[in-house]
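# Chain and residue survey
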Amino acid sequence: MRHAQISLSPGTGPVPAIDPEPQLGYVLYRSVASPGLEDDDIDRLLRRAQHRNRSLGLTGCLHHENGLFFQWLEGPRAPLFRLLEELRDDFRHVGFTVLDQGTLEARVFDDWDMQFSDRQGASLNDWLARDMDPMEEAQAVGRFLASLRD
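Read on for a plain summary of the structure. Because the structure is a prediction, the values reported are computed rather than measured.

### As for the pairing of strand β3 (residues 24–33)
The element β3 is extensively covered by neighbouring structure, given that eight of its ten residues are classed as buried. One ladder, built from nine bridges, connects β3 with strand β5 (residues 68–76); its direction is antiparallel. By the bridge assignment for β5, S31 is matched with F69.

Here it is, written out as structure tokens:
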């Protein structure tokens, strides 16, 4: 938790003040679903993620298509990066790769504990198949997930 120094009156010395809004961060990652992962497993994963994210003040979107997961997570940086460490070790996926991360001025998914999409709802593969330069993949995935808000 960040603290700012304020002084109540001359001569009283600094008093720590709690920053009411910690700096927001985001992470966009890609991973490969473990063999044998079924729709019921993904449903359970999603329900637990929604509950966990709500308790940690995190929001985001998870997309599953052709055995790949793409996830955008955002929120206060401390719980976000603690969760990221847990996700790296989750047995339900392998090949965990961070595509992008940084800070945010405002949330992209401010009203979604954890939105979910798959190929039936919108295809990321079709989105990316527009002869995109591979260097633009992270930005394209972020834009795709944000487009699901509409």
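There is more to say, and it comes next.
### Considering the layout of surface pockets
By volume, the largest pocket amounts to about 270 Å³. Forming the boundary of the largest pocket are 14 residues, of which L45, R52, L87, D90 and R92 lie nearest the centre. At the level of elements, α1 (39–56), β5 and α2 (77–88) are the ones that each hand at least two residues to the lining of the largest pocket. In terms of residues, the lining of the largest pocket owes the most to one element, α1, which gives four residues. Of the residues contributing to the lining of the largest pocket, the split by class is seven nonpolar, two polar and five charged.

### Details of the packing of aromatic side chains
Evaluation of the coordinates by the stated rule reveals three aromatic pairs. Measuring from centroid to centroid gives 4.6 Å for Y26 and W72, while their planes differ by 10°, and the two rings are stacked. Residue Y26 is found in strand β3, and its partner W72 is found in strand β5; the two are separated by 46 residues along the sequence. For the pair formed by Y26 and W72, the shared burial category is buried. Ring geometry for W72 versus F109: centroids 6.4 Å apart, planes at 65°, classification edge-to-face. Of this pair, W72 sits in strand β5 while F109 sits in the loop between β6 (93–104) and β7 (115–118), placing them 37 residues apart in sequence. Just as W72 is buried, F109 falls in that class too. Among the aromatic residues, those joined into a cluster by ring pairs are Y26, W72 and F109.

What counts as what
Residues numbered from 1 in each chain as written. Predicted model: local features only at pLDDT ≥ 70, side-chain atom pairs only at ≥ 80, totals over all residues. Heavy atoms only, no water. Buried < 20%, exposed > 50% of the residue type's maximum accessible area, 1.4 Å probe, protein only. Helix = DSSP H or I, 4+ residues; strand = E, 2+ residues; numbered from the N terminus. Pairing = 2+ DSSP bridges. 1 Å grid on protein atoms, 1.4 Å probe; cavity = no way out; pocket = protein on both sides within 12 Å on 5 of 7 lines; lining within 4 Å. Points joined across faces, edges and corners; volume = space filled by probe spheres on them. Nonpolar A, V, L, I, M, F, W, Y, C, P; charged D, E, K, R; others polar. Phe/Tyr/Trp six-rings, centres within 6.5 Å; stacked < 30°, edge-to-face > 60°.

Read these as spatial facts, not as claims about activity.
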